[in-house]
Amino acid sequence: MNEIRTINRRDFLKFGLAAGTGLALGFHIPAQASESTATTATANATFSPNAFLYINADNTVTVISKHLEMGQGAYTGLATIVAEELDAAWGQVKVVGAPADHKRYNNLFWGPAQGTGGSTAIANSWMQLRQAGAAARSMLVSAAAEQWKVPAAEITVQDGKVSHGDQSTTFGELIEAANKQAVPAEPKLKDPAQFRLIGKKLPRKDTNGKVNGTAQFTQDVQLPDMLTAVVKHPPLFGATVKSVDDTVARKIAGVEDVITIPSGVAVVAQDFWTAKKARDVLEIEWDDSKAFKLSTDDIFNQFSELLNGKGAVARDDGDAVAELEKAEQVITADYRFPYLAHAAMEPLNCVIHYRGDEAEVWNGEQMHTLDQAMVAGVFGLQPEKVTINMLYAGGSFGRRANTKSDYLVETAHIAKALKKQVPVKLVWTREDDMQAGWYRPANMHRLSATLDEDGMPKAWQHQLVGQSIIKGTPFEPAMIKNGVDHTSVEGANNLPYQIPNLYVDTRSPEFGIPVQWWRSVGSTHTAYSTETFIDELATKAGKDPVEYRLALLKDHPRHAAVLKLAAEKANWGSDVAEGKGRGVAVHESFKSYVAMVADVSVDGNSFKVDKVVIAVDCGVAVNPDIVKAQMEGGMGFGLAMILNSEITLDKGRVVQSNYHDYLVTRMSDMPDVEVHIVPSAEAPTGVGEPATPVIAPAVANALAAATGKRFYNLPVRQV
Amino acid sequence: MIKLSINGSEYQLDVAPDTPLLWAIRDHAKLTGTKFGCGSALCGACTVHLDGQPIRSCSTPVSIAEGKNVTTIEGIGETKEGQVIQEVWDDVVQCGYCQSGQIMSAAALLKGNPNPSDTDIDNAMTGNVCRCNTYHRVRKGIHAAAKKLS
């Protein structure tokens, strides 16, 4: 691929975007293709009009994804946008992962950082990739016009075929001529009415390798001379190594080294099983003098006390506090949310080859530029000396976007300490993964409200307490304002319901348990408390929960539309049998709107979710089947929050270790599900996260309908 | 040295007899389609067939597999159930990490029960965790494969 041209910065084209973000369409294409998708760029000539695609003489179009494919369908969705404006045939399109490059591949919503998260992959790339595809198409058309000596305006492009009258050719045949064309400053974008691929169900680009075992995850990387490392982490957060006796471990054939690193003791061996066996016989004395030693109950007791004091104000409309003080009747409830592990199917891992003056990383890469800088920091290298190969991730749910690059830094310390400069693969066991922290923070909420004479909320007070995800990270300046971590209160401080007196505040105590974003972040808890509490108020007012919400959503038509659609499709208002319950919830996160109606059966103490009807408004649905898949899967993921998932601590030790005691949704828990997409011409927003927070309140409200009981502590487990 | 027959090919692997079959397959035979998920037979990502029966390779010592036929995701397409499942699985996959195990469990189910009910599917597949929660589509995929096979 060294034929691909590079150009100087002065040759970069600047496109003015509607959002005012300058877009540089660079000509340079990475020489190192991702291992995620085998590239067949063996042709002698390549047309590479910008940083997001290249076309080879064999007529393949390769789209370069700056975002991680972790199941959410980013590779397919991003490629669809390019292929649409290019008028490529879907079958000729391939996708490869982009390297770390803050000049070309930043997340346009994140400022100078490249990464995948916050359900932004499609949303931030929408105009960028449309322009990238349209620019390439325009150059191919110009090339054909020149060859055929006809006006460019008379040339049509469809399904990868460039035509004029009886003449027709392929992209591959035009690449040499296309390379000589000027890059258009303002390529003309399609009228959405002409979309041929966007809005259609197209097959995913990552399916084949994932059904025949050839897809490359980090766990699957095999490199010459590669060693495998496992790490013994301290049993308590904040404990450190006091002494290590590795005499027995070192005698095991295949063990290469035992290394004390800041995060524990690493055993490096020829293969995983050897390394693990050697780790099991290490004798380590830990210094736990500064370790975290509280239990879950201690934490919630502290939360409870903090809720009685003042918090940082996140919203203050009218005077909710005064209204509640003078109210005759106040409805109030305290909610508890446990720590949650991401528990993705692929336990965390990473491969690094340190070569002294440079380093190469293979990883399910979710935070390119931060990870690049953090790994470079360990080696004392400039960030650009660290090459990142983005592979598929076997799930992540936020975990691979770690604010401290924890497992990459751990691997870098091992690679740096190795006597031989060979690739080293860090493998965490399931237990390592589950007990390493970086959980969805535990939270307590206190909701208080009073109703007016019509039963509508007159005042609403929402007080929150939980660790800040952002404090002490590079994101602090942008995401903490006036003591309020946006990720702690999102979903609470933007409550859509029209309530004249509305007050939200938050407290962020510091504990030694590392916490992190978990699919849908703050909404994981705020959607639950707000949507069950509004439901409780509707019941107290003697009103229908859907009608009650709609009356309060007059200024929020997109919330109202998904709520109405879900209710209609679920036959809201029809009879519900004895022992059954039907509940509803609606919530916006990451600018996508989701409503769910859940039907449950209650049998003694146990319950089952039978059916869920989902309505979503995510703007233009680039690939409606992937939107549906994300709604179904996001719902199933969130279902575990109310069914059974919980991390607890006993004197600082994480109690759960594997899927036998950290329970998750399984096949037998999965309800029937149907998804309805609101037709929309709005710019697309994300779908990876927004379904996750909506299911637990919908189920809780259904359980309340069936049993008359309200559920304030998650997980519910039994009614 | 342990002699293994995997997908019809013979392997001589230099591993200790107590090594889990999973790690012999992945680290020594270099067939990486079979996945490591939990190490304790709790998630099903490592499912392979031993003489046609589904087993969790993470908790099966390699010595038990000697003299038997091991089938992995790389070889399941050679069976008629595996081939059809792979053909109809397009809409199922998300991150894909658990799908090797899902397909191996589904192939074993269909071999023993060509027309499974939803309950049969739930019972056979509930040991296979999918954190993307593709369960709804796994169920539909198995029904689609059953229909195509009949």
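Residues numbered from 1 in each chain as written. Chains lettered and ligands numbered in written order. Predicted model: local features only at pLDDT ≥ 70, side-chain atom pairs only at ≥ 80, totals over all residues. Heavy atoms only, no water.

### Structural notes on the environment of R130(A)
Residues and elements named next belong to chain A.
So, step 1. Its place among the elements puts R130 in helix α2 (residues 121-148).
So, step 2. Sequence separation between R130 and A615 is 485 residues, and the spatial gap between their C-alpha atoms is 27 Å.
So, step 3. When residues no more than four places from it in sequence are discounted, the contact partners of R130 are I81, E85, S125, L189, K190 and F195.
So, step 4. A distance of 2.9 Å separates the side chain of R130 from the backbone oxygen of K190, its partner in a polar contact. (Helix = DSSP H or I, 4+ residues; strand = E, 2+ residues; numbered from the N terminus. Contact = heavy atoms within 4.5 Å. Polar contact = N/O pair within 3.5 Å; in protein donor to acceptor, adjacent residues only side chain to side chain.)

### Here we look at the pattern of salt bridges
All names here are of chain A.
So, step 1. Going through the model one piece at a time under the given rule, you end up with 45 salt bridges over all chains.
So, step 2. A salt bridge links E531 to R549, with the nearest nitrogen and oxygen atoms 2.8 Å apart. Of this pair, E531 sits in helix α14 (residues 523-541) while R549 sits in helix α15 (residues 545-552), and the two are 18 residues apart along the sequence.
So, step 3. Exposure remark for E531: the relative accessible area of 2% places this residue in the buried category. (Salt bridge = Lys/Arg side-chain N within 4 Å of Asp/Glu carboxyl O. Buried < 20%, exposed > 50% of the residue type's maximum accessible area, 1.4 Å probe, protein only.)

### Concerning the packing of aromatic side chains
So, step 1. Tallied over the full model, the rule gives 22 aromatic pairs over all chains.
So, step 2. Centre to centre, the rings of F217(A) and Y97(B) are 5.2 Å apart; their planes meet at 90°, and the pair counts as edge-to-face. Highlighted residues: F217(A) in the loop between α4 (207-212) and β10 (227-232) and Y97(B) in the loop between α2 (80-88) and α3 (99-112), drawn from two different chains. You'll find F217(A) and Y97(B) in the same group, each marked buried.
So, step 3. Taken together, a centroid distance of 5.2 Å and an interplanar angle of 85° make the contact between Y335(A) and Y712(A) edge-to-face. With Y335(A) in strand β16 (residues 331-337) and Y712(A) in the segment after α18 (692-707), this pair connects stretches of sequence that are 377 residues apart. (Phe/Tyr/Trp six-rings, centres within 6.5 Å; stacked < 30°, edge-to-face > 60°.)

### Notes on the interface of chain A and chain B
So, step 1. Counting from both sides, the interface comprises 58 residues of chain A and, opposite them, 50 residues of chain B.
So, step 2. Interface area for chain A against chain B, summed over the two sides, is near 4,400 Å², with a carbon-plus-sulfur share of 54%.
So, step 3. On the chain A side of the interface with chain B, the three residues burying the most area are V211(A), M345(A) and M667(A), jointly 19% of the side's total.
So, step 4. In this assembly, chain A and chain B are joined by 6 salt bridges.
So, step 5. In this structure, the connection of chain A to chain B is made through 28 residue pairs in polar contact (both at pLDDT 80 or more).
So, step 6. Those elements that place two or more of their residues in the side of chain A that touches chain B are α4, α6 (272-280), α11 (430-435), α17 (624-643) and β31 (672-677) of chain A.
So, step 7. In terms of residue count, the dominant contributor to the side of chain A that touches chain B is α17(A) (8 residues).
So, step 8. Split into classes, the residues belonging to the side of chain A that touches chain B amount to 25 nonpolar, 18 polar and 15 charged. (Buried area = accessible area lost by both parts, 1.4 Å probe. Nonpolar A, V, L, I, M, F, W, Y, C, P; charged D, E, K, R; others polar.)

### Observations regarding the packing of α2(B) against α3(B)
Residue and element names in this part refer to chain B.
So, step 1. At a minimum axis distance of 9 Å, the contact between α2 and α3 shows a crossing angle of 125°. Looking at the two axes, α2 sits oblique to α3. By crossing handedness, the relation of α2 to α3 is classed as right-handed. Across the interface between the two elements, E81, G82 and I85 from α2 touch I103, A106, A107, L110 and K111 from α3. (Axes fitted to C-alpha atoms, helices over the stretch in contact; angles between N-to-C directions. Parallel < 35°, antiparallel > 145°, perpendicular 65-115°, else oblique. Left-handed = near helix turned anticlockwise from the far one by under 90°.)

### Here we look at helix α1 (residues 21-28) of chain B
So, step 1. Within α1(B), 7 of the 8 residues are buried, which leaves the element mostly enclosed by the surrounding structure.
So, step 2. The complete set of buried residues in α1(B) reads L21(B), L22(B), W23(B), A24(B), I25(B), R26(B) and D27(B).
So, step 3. Those residues of α1(B) that are buried lie in contact with α6 of chain A together with β1 (2-6), β2 (9-13), β3 (47-50), β4 (53-56) and β5 (69-71) of chain B.
So, step 4. After α1(B) finishes, the residue K30(B) shows a positive phi value of roughly 60°.

### Points about the domain arrangement of chain A
Residue and element names in this part refer to chain A.
So, step 1. Here chain A is partitioned into domain 1 (9-211), domain 2 (218-289 + 348-427) and domain 3 (296-340 + 438-707).
So, step 2. If you look at the interface, domain 1 gives 27 residues, while domain 2 gives 17 residues.
So, step 3. Of the roughly 1,700 Å² buried between domain 1 and domain 2, counting both surfaces, carbon and sulfur atoms make up 57%.
So, step 4. For the interface between domain 1 and domain 2, the tally reads 0 salt bridges.
So, step 5. Each residue belonging to the side of domain 1 that touches domain 2 can be placed in one class, and the counts come to 10 nonpolar, 12 polar and 5 charged. (Domains from an automatic or database assignment.)

### A word on the domain arrangement of chain B
Where interface size is given, it is often the accessible area lost as the parts come together that is meant.
All names here are of chain B.
So, step 1. Here chain B is described as being made up of domain 1 (2-75) and domain 2 (77-149).
So, step 2. Centre-to-centre separation of domain 1 and domain 2, based on C-alpha positions: 20 Å.
So, step 3. Roughly 1,300 Å² of surface becomes buried between domain 1 and domain 2 when both sides are summed, with 56% attributable to carbon and sulfur atoms.
So, step 4. Where domain 1 meets domain 2, there are 0 salt bridges.
So, step 5. Taken together, the connections running from domain 1 to domain 2 amount to 8 residue pairs in polar contact (both at pLDDT 80 or more).
So, step 6. The set of elements that each furnish at least two residues to the side of domain 1 that touches domain 2 consists of β3 and β4.
So, step 7. The leading source of residues in the side of domain 1 that touches domain 2 is β3, at 3 residues.

### Quick look at the layout of surface pockets
Residues and elements named next belong to chain A.
So, step 1. If you add up the space inside the second largest pocket, you get close to 1,200 Å³.
So, step 2. In terms of lining residues, the second largest pocket is bounded by 47 residues, among which F237, G238, A436, W438 and P514 are the most central.
So, step 3. Mapped onto the lining of the second largest pocket, the elements with two or more residues apiece are β10, β11 (240-245), α6, α10 (406-417), α11 and β30 (653-654).
So, step 4. The element that contributes the greatest number of residues to the lining of the second largest pocket is α10, accounting for 4 residues.
So, step 5. Its residues assigned to classes, the lining of the second largest pocket shows 21 nonpolar, 14 polar and 12 charged. (1 Å grid on protein atoms, 1.4 Å probe; cavity = no way out; pocket = protein on both sides within 12 Å on 5 of 7 lines; lining within 4 Å. Points joined across faces, edges and corners; volume = space filled by probe spheres on them.)

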